[in-house]
Amino acid sequence: MASPLFIAKAQFTSAVLEAIKAAFPDAKIEAQDIEKSIAVPKSEMGDLSTSISFRLAKEMKKNPHEIALKISQGARGTKLVSNFTELNGYLNAALDTKAYSELVVGSVVSEKNRYGSMDIGKGGKVIVEFPGVNPNKPWHVGHVRNALLGSAISNILEFCGYSVERDDYIDDLGLQMAESLWGWLNLTDKPSGKFDQWLGEQYVSVNKELEKSEVKSAVNSLLSKLEVLDSKESQITRQMAERCVLAQNETAFSYGVYHDIMVFESDIVRGKLLDKALEVARRKGVLEKPEEGKYRGSTIVSMHKLAKYEKELSGGSEESKVLVRSNGAATYMAKDLAFHMWKMGITKSDFRYKKFVDQPNGKPLLGTCEDGDFKEFGNAKMAVNIIDARQRHEQLSMRAMFSLLGYEDLAKGIIHLPYGTVRIKGVDLSTRKGTWLGEGKNYTADDLLREVMDAAKKIVAESEKITDKSIVGSIANSVALAAIKFDFLKYAPESEITFSWDKALTFEGDTGPYCAYTYARATRVLERGGYKQPQATSMDQIGRGEDFELIKLIGGFAETVERAASEYRPNAITDYLLNIASLFSKFYEAMPILKGGETKEARLLLTFAARQVIGNALALLGISPIERM
RNA sequence: GGGCGUGUGGCGCAACUUGGAUAGCGCAUCGGCUUGCGGAGCCGGAGGUUGCGGGUUCGAAUCCCGUCACGCCCGCCA
């Protein structure tokens, strides 16, 4: 169903277009031009406005004031849009208060939790990949940002009609794993507590040992054995990785982060996807094997070939991209290329899957493995990768490889969402150096949730609205998640964030708890008004204050969702939430709902609609509504 | 050397892709609101030459050119 704002804009557009054609028959203007020029101005100006007269003024060498005035006189009102006026050269119009309110409220009532959804994706399949944490450490606060962005973007795309597959990439073959394996085999402390935490701490110890050259060479020899997939070393590492992943999953679930499948890097090699990918590349003649020089004995793609497709790649100091090292081991680039060929349906699935664990959302989490069942995953039209901005160069190279291999159309479907680094007091969070270990509390996802929940508990416990003290814990949990999720998602993805406990523990101002609180207040008013399901959607008594402003904001929700989806920016949703929560609060203060006399029904209906939309927007961010807090 | 990103009141950010009317929001600060539906709230004040310089335009935080500062990337690591 079309968004109310969209319908109103369409009526405004055709009214203006008709008036322009009548007044200025020579004007070269199309509906599209007008549509693009429409804005929702400050309410003193009107409800809709267009700056089209400025454009016409240039074309016709006339004064924009006169043009707008002429249009305003000639434009015929529609059911929703009328009262055309000119101000400062702009053409403004008013929405019909009753008709538009009924359209908006009626849409919300009939569409409920689908209000604001769209079909622009039309069932096209998109794979969202996140967060790709190495399986030898706990998630830290930086990974939380990645995971929450991935979840939110998945939700938003799904709401826009895409069929979304949530994939996680588990790198169980790299150097980090070899280092952890060395620790596993050589350090004496035994696992205790949560496995990912223990392994991560051990990894920090391993890195201190790595200063010794004999340790370094031992690790290197382990690394080469990892690539031999039936070696004892490789088996142990896989077990270690799976055990760590299961622990990381507990963290993911506590944040409400879910996936469809986990793809283990070793299975990309084992399932021959890597061989197939290299074979494709070989056949297309893009690979080279230098006999001498810097890249002697390795398999490479020369950078200048790639740079033809991504000009950013030119001019750097890297001459070639190595796919297979001279010792025969494939690089990350090769495996990522193979993974993406699978994602985009170039090479078909040779993966087998088994269930790893049942997720709290009711869906099983599958992982690739050696001896499971074949399933239909991959083969998507679009791949959205939630990957650190620092890997931009690598992602561009991978995309360029697609183009170089002749898959230019598919390359367009591979989208890197480069998110900014999360730091602590200007320092990078390094798993290696252990900067994620703090004083008293660590910068891990687990500690973050625990700390924020503790702070929330204190506040919730004091709430007079919570008479049943046994639910304090679960409400505090919801409040904490609302706070954390909102906080990570409200920044533009590309911006760098400096994490601080101060900010994390704030529940006032532009925060998730503020939005949740607004939702809870709306819920309570409806309860008190004995309001279950709206019957009629008559808005005779709607006014022209905060109430209609709220109507206008609700009417444009789908436009916000569309922007969030097309630009991969969940912060468009947080912005919207702050606006609607703030506006609802103003409305709530200024206009008595239950004591509104004859306006009561309309205001209850409006409250119902506002609450529904706040709930829908929160759901896109993965924040569950809180009825009482 | 090449490239990417960032720069907006004291602090943290939004708006930049698609130029539009008086640059929004939060924190902090100053003042007010509770015998009213939930004060995690609401109202008001003070605080800005959008890093700097040029250009395009009726109109620039937004586009173009230059410049400065900070961060990041350019590996047979992932």
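For clarity, every value in this text was computed on a predicted model and none was experimentally measured.

Here the focus is the protein's contact with RNA strand B. The immediate surroundings of RNA strand B are formed by 71 residues, with D171, R325, R521, R563 and E567 found nearest. Within 4 Å of the protein, the atoms of RNA strand B are drawn from sugar and phosphate moieties in a proportion of 61%. Between S317 and RNA strand B, the recorded distance is 3.5 Å, taken from a backbone N or O atom to a sugar or linking oxygen. The side chain of R392 places a nitrogen or oxygen atom 3.4 Å from a sugar or linking oxygen of RNA strand B. When contributions to the surface near RNA strand B are tallied by element, the ones reaching two or more residues are β4 (90–95), α15 (392–404), α17 (445–462), α20 (512–528) and α23 (571–590).

Taken as a whole and judged by the stated rule, the model has 44 salt bridges. We note a salt bridge from K194 to D196, for which the minimum N-O separation is 3.0 Å. The exposure class assigned to D196 is buried, which follows from its relative accessible area of 0%. Here the residues in one salt-bridge network are D172, R238, E242, D267, R270, K354 and E370, joined through shared partners.

This part takes up the sheet that holds strand β15 (residues 427–428). Across the sheet, three strands lie side by side as β15-β14-β16; this open sheet has mixed pairing. Only two strands of the sheet have a single neighbouring strand rather than two, namely β15 and β16 (497–499). As paired elements, strand β14 (residues 422–424) and β15 share two bridges and run antiparallel to each other. Each bridged residue has a counterpart across the sheet, and for R423 the counterpart in β15 is D428.

With that settled, consider the sheet that holds strand β2 (residues 48–50). Across the sheet, which stays open at both edges, the four strands sit in the order β1-β2-β4-β3 with antiparallel pairing between neighbours. One side of each edge strand has no neighbouring strand; the edge strands of this open sheet are β1 (38–39) and β3 (81–87). With two bridges joining them, β1 and β2 adopt antiparallel strand pairing. Bridging from a neighbouring strand, A39 pairs with S49 of β2. Contacting β1, β2, β3 and β4, helix α1 (residues 4–23) crosses the sheet at an angle of about 65 degrees to β3.

Let's shift gears to helix α12 (residues 273–283). Three or more residues of α12 are buried, namely L273, L274, A277, L278, V280 and A281. The buried residues of α12 occupy one face: seen down the axis, they fall within an arc of 155 degrees. Where α12 is buried, its residues meet α11 (265–270), β9 (320–324) and α14 (332–343). Two residues or fewer past α12, G285 is found with a positive phi of approximately 70 degrees.

Now for the pairing of strand β8 (residues 299–302). Taking every second residue as pointing to the same face, both faces of β8 are buried, with T299 and V301 on one and I300 and S302 on the other. Across four bridges, β8 lies against β9 in antiparallel orientation. Across the sheet, the residue bridging to T299 is V324, located in β9.

One finds I20, L448, F499, I554 and L577 to be the most contacted residues of the largest nonpolar core, which totals 147 residues. Formed jointly, this core draws a minimum of three residues from each of two domains, domain 1 (4–95) and domain 3 (445–620). In this structure I554 touches V104, V108, Y115, Y576, I580, L606, A609, A610 and V613, once residues within four positions along its chain are discounted. Counting 48 residues, the second-largest nonpolar core is a separate cluster that includes A307, L366, A380 and Y407.

Cut-offs applied
Residues numbered from 1 in each chain as written. Chains lettered and ligands numbered in written order. Predicted model: local features only at pLDDT ≥ 70, side-chain atom pairs only at ≥ 80, totals over all residues. Heavy atoms only, no water. Near = heavy atom within 4 Å. Polar contact = N/O pair within 3.5 Å; in protein donor to acceptor, adjacent residues only side chain to side chain. Helix = DSSP H or I, 4+ residues; strand = E, 2+ residues; numbered from the N terminus. Salt bridge = Lys/Arg side-chain N within 4 Å of Asp/Glu carboxyl O. Buried < 20%, exposed > 50% of the residue type's maximum accessible area, 1.4 Å probe, protein only. Pairing = 2+ DSSP bridges. Contact = heavy atoms within 4.5 Å. Axes fitted to C-alpha atoms, helices over the stretch in contact; angles between N-to-C directions. Arc of directions from axis to C-beta. Core = buried A, V, L, I, M, F, W, Y, C linked by side-chain atoms within 4.5 Å. Domains from an automatic or database assignment.

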